[in-house]
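This is what each chain is made of:
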Amino acid sequence: MILSDGTIRSLLADGRLVIEPLEPEQVQPASVDVRLGDSFLVFRNHTAEVIDPFDRPADLMDTITVAEGDAFVLHPGEFVLGTTLEAIGLPDDLVARVEGKSSLGRLGLLIHATAGFVDPGWARGQITLELSNVATLPIKLWPGMKIGQLSFHTLDAPAERPYGHPELNSKYVGQVGPVASAYQRNPR
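Figured I'd write up the structure that's included with this text. (Residues numbered from 1 in each chain as written. Predicted model: local features only at pLDDT ≥ 70, side-chain atom pairs only at ≥ 80, totals over all residues. Heavy atoms only, no water.)

**Quick notes on the packing of aromatic side chains**
One pass over the full model with this rule turns up 4 aromatic pairs. Both rings, one in Trp-122 and one in Tyr-163, keep their centres 5.2 Å apart while their planes meet at 45°; by these two values the pair is tilted. Of this pair, Trp-122 sits in the loop between β9 (117-118) and β10 (125-133) while Tyr-163 sits in the segment after β12 (146-154); the two residues are 41 residues apart in sequence, bridging distant segments of the chain. (Phe/Tyr/Trp six-rings, centres within 6.5 Å; stacked < 30°, edge-to-face > 60°. Helix = DSSP H or I, 4+ residues; strand = E, 2+ residues; numbered from the N terminus.)

Structure representation (structure tokens):
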């Protein structure tokens, strides 16, 4: 079941759901708008020969922080990692889905390739966004702009091993800013 605005507000008021910072107008009928942070991870195309998920070079990406009042320009065909401005915290019986804003999708901006799912127990971390421009023109990304939305779904029972559980290989607990792939921590 997808949660309504009233249920979302109630969970926020009870502290079971955490979204910080949050303005009241971000709560929509069945979702919460999230805004774009000011940091991006970009591939070092000029020096990286190949991406090996099991042996990722330490210098594969550079961090770019956009100055206040400036925009990040995402070129056609380009892929970068961004982040939500908001940090999210989920209880053990709730999951979230990250979706793009339809108005931005109509301009050719995709905000996630595959990582649109936020596990139950996600502990107060920002969400890394996988930003792609599939349009034929560059797109300006302004820090603070509404970039996506979170919808929330209840589980039939609390997760027995929520995200971050010691038996899991949870790689992104409490992340701040865009975080590069940690796939190399998976067993082969």
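**A short note on the nonpolar core**
With 35 residues, the main nonpolar core has Leu-90, Leu-131, Leu-141, Ile-147 and Phe-152 as its most contacted residues. Not counting the four nearest positions on each side in its chain, Leu-90 is found in contact with Arg-16, Leu-17, Val-95, Ala-96, Val-118, Asp-119, Gly-121, Trp-122 and Phe-152. One finds Leu-41, Leu-60, Met-61 and Leu-81 within the second-largest nonpolar core, a separate group that totals 5 residues. (Core = buried A, V, L, I, M, F, W, Y, C linked by side-chain atoms within 4.5 Å. Buried < 20%, exposed > 50% of the residue type's maximum accessible area, 1.4 Å probe, protein only. Contact = heavy atoms within 4.5 Å.)

**Some thoughts on the side chain of Ser-39**
Among the secondary structure elements, Ser-39 is positioned in strand β3 (residues 39-43). Side chain to side chain, Ser-39 and Asp-38 meet in a polar contact 3.4 Å long. (Polar contact = N/O pair within 3.5 Å; in protein donor to acceptor, adjacent residues only side chain to side chain.)

**Observations concerning the layout of surface pockets**
Of the voids in this model, the largest pocket is the one considered here, and its volume is about 700 Å³. In terms of lining, the largest pocket is formed by 31 residues, of which the most central are Ala-115, Glu-130, Tyr-172, Val-179 and Ser-181. Mapped by element, the contributors of at least two residues to the lining of the largest pocket are β6 (79-89), β9 and β10. Examining the composition of the lining of the largest pocket, we find that 4 residues originate from one element, β10, more than from any other. For the lining of the largest pocket, a count of residues per class yields 18 nonpolar, 8 polar and 5 charged. (1 Å grid on protein atoms, 1.4 Å probe; cavity = no way out; pocket = protein on both sides within 12 Å on 5 of 7 lines; lining within 4 Å. Points joined across faces, edges and corners; volume = space filled by probe spheres on them. Nonpolar A, V, L, I, M, F, W, Y, C, P; charged D, E, K, R; others polar.)

**Digging into the environment of Arg-9**
Mapped onto the elements of the fold, Arg-9 is located in helix α1 (residues 5-14). Linking Arg-9 and Arg-97, residues 88 residues apart in sequence, is a C-alpha distance of 17 Å.

**Side note on the environment of Gly-89**
Note on placement: Gly-89 falls in strand β6. Under the relative-accessibility criterion, Gly-89 is labelled buried at 7%. For the pair Gly-89 and Asp-119, spaced 30 residues apart in the sequence, the C-alpha separation amounts to 10.0 Å. Apart from the residues within four sequence positions on either side, Gly-89 is in contact with Arg-16, Leu-17, Val-18, Trp-122 and Arg-124.

**Quick notes on the pattern of salt bridges**
Enumeration according to the criterion identifies 10 salt bridges in this entry. A salt bridge links Glu-99 to Arg-97; its shortest N-O distance comes to 3.7 Å. Residue class for Arg-97 comes out partly exposed when judged on its relative accessible area of 28%. Measuring nitrogen to oxygen at the nearest pair gives 3.3 Å for the salt bridge that ties Arg-161 to Glu-167. Take Arg-161: its relative accessible area is 41%, and that puts it in the partly exposed class. The structure contains a network of salt bridges with shared partners spanning Asp-33, Lys-101 and Lys-146. (Salt bridge = Lys/Arg side-chain N within 4 Å of Asp/Glu carboxyl O.)

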